[in-house]
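Spelled out from the first residue to the last, the chains are:
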Amino acid sequence: MAETPNRWEGVYQSKEEAETSWFEDRPQVSLDLIAETGAGKDAAIVDVGAGSSRLVDCLLEQGFRRITVLDLSETALRMARARLSPDAPVEWVAANVLHWQPSGRFDLWHDRAAFHFLTEASDQDAYLRVMDRALVPSGHAIIGTFAPDGPASCSGLPVARYDGALLSERLGSGYQLVRSLSHEHRTPWGSVQRFHFGLFRKV
Ligand SMILES: C[S@@+](CC[C@H](N)C(=O)[O-])C[C@H]1O[C@@H](n2cnc3c(N)ncnc32)[C@H](O)[C@@H]1O
């Protein structure tokens, strides 16, 4: 994942939102899990590997006002930004999460379908180090990946697949699994992809 920004740029430059398998009109599972954390409207939230996801639109609608949206692809960020008011309280970050040095800390880290592209242990470790530095004590992490019986690849890239136990083991003892949720995502063309979402609390 670390070496493929052009691949992702290419995806977003050549496809409409609804031509990508991961498109969701409304990211309801993510919104439900965010609600479960009890995050107040002033919570600092980062969506990592957000692409052009509509999560930021929904969070703004709900009144959240400290949102950071990070992705490798500037095109994806531009697509999301174009939907929103120019003065929306969002920080847009075009960066590789593995090398990101956030200027502040976050109450909530959200990632749907980015972490699973890290198939090398060293990349996963680098990601988790960034996440751990970024999260406040008792902060929450929501990580959605393909489930063990989900697809083995996406956009031509292999993925690592997780259930609650595997993800919990990967995050380590510093993170308590609060909720493990299976979800069947329906792609815009009607096929089903099995996801797993883990909600963790930093201990
Ligand atoms: C399958 S898409 C999911 C997009 C979004 N989270 C959603 O649910 O609609 C994966 C996203 O992860 C981003 N990504 C992949 N590797 C990344 C990295 N190392 N740093 C930041 N973003 C990355 C890609 O650019 C892409 O937008």
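Residues numbered from 1 in each chain as written. Predicted model: local features only at pLDDT ≥ 70, side-chain atom pairs only at ≥ 80, totals over all residues. Heavy atoms only, no water.

An unreviewed UniProt entry lists the protein chain under the name Class I SAM-dependent methyltransferase, with Plastorhodobacter daqingensis given as the organism.

(A) Up close: unusual backbone geometry. Although it is not a glycine, Ser 138 adopts a positive phi angle of roughly 70°. For Ser 138, the location among the structural elements is in strand S5 (residues 135–146). Of note in this structure, Ser 155 is not a glycine but carries a positive phi near 55°. Its place among the elements puts Ser 155 in the loop between strand S6 (153–154) and strand S7 (157–158). (Helix = DSSP H or I, 4+ residues; strand = E, 2+ residues; numbered from the N terminus.)

(B) Spatial organisation of the nonpolar core. If you look at the biggest cluster of nonpolar residues, it comprises 36 residues, and the most contacted ones within it are Trp 8, Ile 34, Val 56, Leu 59, Val 69, Trp 92 and Ile 142. Setting aside residues no more than four positions away along its own chain, Trp 92 makes contact with Val 56, Val 69, Leu 77, Ala 80, Arg 81 and Leu 84. If you look at the next biggest cluster of nonpolar residues, it comprises 28 residues, including Val 93, Leu 135, Leu 171 and Phe 200. (Core = buried A, V, L, I, M, F, W, Y, C linked by side-chain atoms within 4.5 Å. Buried < 20%, exposed > 50% of the residue type's maximum accessible area, 1.4 Å probe, protein only. Contact = heavy atoms within 4.5 Å.)

(C) Seen up close, helix H5 (residues 121–134). Taking 1.5 Å per residue, 14 residues should reach 20 Å; H5 reaches 20 Å between its end C-alpha atoms and fits that length. Those residues of H5 that are buried are in contact with strand S1 (44–48), strand S4 (106–112), S5, helix H6 (164–171) and strand S8 (175–186). (Expected span 1.5 Å × (residues − 1).)

(D) Broad picture of the packing of aromatic side chains. Evaluated as defined, the whole model comprises ten aromatic pairs. Summarising the aromatic geometry, the rings of Trp 8 and Trp 22 are spaced 5.7 Å apart at their centres and angled 70° between planes, so their arrangement reads as edge-to-face. Here Trp 8 is found in helix H1 (residues 5–14), whereas its partner Trp 22 is found in the loop between H1 and helix H2 (28–36), with 14 residues between them in sequence. Note on Trp 100 and Trp 109: the rings are 6.3 Å apart at their centroids and 40° apart in plane angle, and the pair reads as tilted. With a relative accessible area of 10%, Trp 100 lands in the buried category. Taken together, Trp 100, Phe 106, Trp 109, Phe 115, Tyr 127 and Tyr 162 form an aromatic cluster joined through their ring pairs. (Phe/Tyr/Trp six-rings, centres within 6.5 Å; stacked < 30°, edge-to-face > 60°.)

(E) Inspection of the pattern of salt bridges at higher detail. Taken as a whole and assessed by the stated rule, the structure comprises ten salt bridges. The closest approach of N and O atoms between Glu 36 and Arg 179, which form a salt bridge, is 3.0 Å. With Glu 36 in helix H2 and Arg 179 in strand S8, this pair connects stretches of sequence that are 143 residues apart. Glu 36 gets classed as partly exposed once you look at its relative accessible area, which sits at 36%. The class of Arg 179 is partly exposed, set by a relative accessible area of 37%. Between Glu 184 and Arg 194 there is a salt bridge; the shortest N-O distance is 3.1 Å. In this pair, Glu 184 is assigned in strand S8 and Arg 194 in strand S9 (residues 192–202), connecting sequence segments ten residues apart. For Glu 184, a relative accessible area of 45% gives the class partly exposed. Arg 194 sits in the partly exposed class, given a relative accessible area of 36%. Connected through shared salt-bridge partners, Glu 17, Asp 25, Arg 54, Asp 57 and Arg 83 make up one network. (Salt bridge = Lys/Arg side-chain N within 4 Å of Asp/Glu carboxyl O.)

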